[in-house]
Amino acid sequence: MNLSFSFIIPVYNRPNEIKELLDSLRIQTYDQPFEVVIVEDGSTISSEEVIGEYVDVLSISYYKKPNSGPGDSRNYGMQKAKGNYFIILDSDCIVPPQYLIEADKSLQEDFVHCYGGPDAAHESFSNVQKAINYAMTSFLTTGGIRGGKKSVDKFQPRSFNMGISKEAFENVGGYGNIHPGEDPDLTIRIWNKGYRTKLISEAFVYHKRRIDWNKFYIQVNKFGMVRPILNKWHPETQKITYWFPTVFCVGFFISLLLALIGFKILWFMYSTYFLVLFIDALIKTRSLKVSILALLATVIQFFGYGYGFLKSTLYINFSNKKPEEIFPKLFFRVK
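Quantities reported herein were computed from a predicted structural model and do not represent experimental measurements.

The rules behind these values
- Residues numbered from 1 in each chain as written.
- Predicted model: local features only at pLDDT ≥ 70, side-chain atom pairs only at ≥ 80, totals over all residues.
- Heavy atoms only, no water.
- Core = buried A, V, L, I, M, F, W, Y, C linked by side-chain atoms within 4.5 Å.
- Buried < 20%, exposed > 50% of the residue type's maximum accessible area, 1.4 Å probe, protein only.
- Contact = heavy atoms within 4.5 Å.
- Axes fitted to C-alpha atoms, helices over the stretch in contact; angles between N-to-C directions.
- Helix = DSSP H or I, 4+ residues; strand = E, 2+ residues; numbered from the N terminus.
- Parallel < 35°, antiparallel > 145°, perpendicular 65-115°, else oblique.
- Left-handed = near helix turned anticlockwise from the far one by under 90°.
- Nonpolar A, V, L, I, M, F, W, Y, C, P; charged D, E, K, R; others polar.
- Pairing = 2+ DSSP bridges.
- Phe/Tyr/Trp six-rings, centres within 6.5 Å; stacked < 30°, edge-to-face > 60°.
- Salt bridge = Lys/Arg side-chain N within 4 Å of Asp/Glu carboxyl O.

Draft legend 1. Representation of the nonpolar core within the structure. By size, the foremost hydrophobic cluster in this structure holds 33 residues, and its most contacted members are F5, F7, L22, L25, V36, Y99 and Y115. With sequence-adjacent residues up to four places away left out, F5 is seen in contact with Y30, F34, E35, Y85, I87, L100, D104 and L107.

Draft legend 2. Summary view of the packing of helix α10 (residues 265-285) against helix α11 (residues 288-317). At a minimum axis distance of 8 Å, the contact between α10 and α11 shows a crossing angle of 130 degrees. When the interaxial angle is binned, α10 and α11 end up oblique. Crossing of α10 over α11 shows right-handed handedness. In this structure, α10 contributes Y273, F274, L277, F278, A281, L282 and T285 to the contact, and α11 contributes L288, V290, S291, I292, A294, L295, T298, V299 and F302. A class-by-class count of the residues in the contact of α10 with α11 yields 13 nonpolar, three polar and no charged.

Draft legend 3. Just the side chain of H234, in detail. With respect to the helices and strands, H234 occurs in the loop between α8 (213-233) and α9 (244-260). Residue class for H234 comes out buried when judged on its relative accessible area of 8%. With near-sequence residues (within four places) excluded, H234 lies in contact with D185, I188, R189 and N192.

Draft legend 4. Up close: the sheet that holds strand β7 (residues 119-120). With respect to topology, three strands assemble into an open sheet ordered β5-β10-β7, the strand pairing being mixed. Each having just a single partner strand, β5 (93-94) and β7 make up the two edges of the open sheet.

Draft legend 5. Representation of the sheet that holds strand β2 (residues 35-41) in the model. A sheet is described by the order of its strands in space; here seven strands give the open sequence β3-β2-β1-β4-β8-β6-β9, paired in mixed fashion. With one partner strand each, in any of the chains shown, β3 (59-65) and β9 (197-199) form the two edges of the open sheet. This sheet shows a mean twist of 20 degrees between the axes of neighbouring strands, independent of strand direction. Pairing geometry for strand β6 (residues 114-116) and β9, over three bridges, is parallel. Of the residues in β9, the one forming a bridge with Y115 is K198. Strands in contact with helix α1 (residues 15-25) are β1 (5-11), β2, β3 and β4 (85-89); relative to β1, the strand with the most contacts, it is inclined by about 170 degrees.

Draft legend 6. Region of interest: the packing of aromatic side chains. The final tally for this structure, using the stated rule, is 26 aromatic pairs. Seen in terms of ring centroids, F5 and Y30 are 5.9 Å apart; in terms of plane orientation they differ by 70 degrees. Their pairing is edge-to-face. Highlighted residues: F5 in strand β1 and Y30 in the loop between α1 and β2, separated in sequence by 25 residues. For F5, a relative accessible area of 1% corresponds to the buried category. Note on Y30: relative accessible area 12%, which makes it buried. An angle of 70 degrees between the planes, with centres 6.1 Å apart, marks the rings of F5 and Y85 as edge-to-face. With F5 in strand β1 and Y85 in strand β4, this residue pair connects regions lying 80 residues apart in the sequence. Y85 carries the same exposure label as F5, and that label is buried. Taken together, F244, F248, F252, F253, W267, Y270, Y273, F274, F302 and F303 form an aromatic cluster joined through their ring pairs.

Draft legend 7. Representation of the pattern of salt bridges. Across all of its chains, the model carries 13 salt bridges by this definition. Between K208 and E20 there is a salt bridge, with the nearest N and O atoms lying 3.1 Å from each other. In this pair, K208 sits in the loop between β10 (205-207) and α8 while E20 sits in helix α1, placing the two residues 188 residues apart along the sequence. Note on E20: relative accessible area 33%, which makes it partly exposed. Across the salt bridge formed by K284 and D280, the nearest N and O atoms sit 3.4 Å from each other.

Draft legend 8. Layout of the environment of P66. By the secondary structure assignment, P66 is in the loop between β3 and α3 (70-80). Each C-alpha atom of the pair P66 and S43 lies 8.1 Å from the other, and the pair is 23 residues apart in sequence. Setting aside chain neighbours within four positions, we find P66 in contact with D41 and G42.

Structure below.
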């Protein structure tokens, strides 16, 4: 298939980030033309001046629109794009030089209408960013398959690094107005239309995750809150494993109480898990400090997600209100 790639990048008040991303796109080793579509999503800090520096070295289309969230902005960009295959990136990503070559090679060998790629930690990342990256990608945490597992039956791409054909976009209708959660919602609707998805491990990006501990907790808490909403919308996708972070947290508190009265087996099991997690992080990051911070990141991830999932499950299943009414902050109003 003759593929014509268009990168779709929404940006909101991040001119410095978009500069790093464009710097990485300009050194792609792919020898065919590709397009970069940037959508300024109601920013108060414009990226226009920065983008102007690249118009002579990249084929850039730049659009401004009122703020309506990342999903709607991606839809807007794909409607404007000239290519037949869209690659959606977050503005806080850095793309390695071989990215397009690897994506094109994989699609030529086994074409799918939607793919996802993993994220990795760049050497320039802070220790906190590296620790959060580990927690978000490790198979030992809720990161699971996002870390790059190949033997995945139905891989769910994420929009920090996701490809979708023009055909699939037009057939499915693009992203909804939930955020976060717009990624799995779109993927499920892609599956329901009969399209396949896959993971392209070699098409990875460096995802900077502009985040501190408080923002990380808020982020994973929202991830937990949207999952019961998606389960309600798409009941066929419900899995018992979505309860794991909640059960993990409840079990952790029970293990502490039991340890106080002398029953320490459960506490020993948790201690063993964290020891294995620390060793794995040390092997992968080669940093003692990052490995210690990775334990903190994992605890925040489990408790943030677990609490959000439990809270949302109770509200969604025992209320007559719509999810948009219960959790209005999880939805963008598209004008």
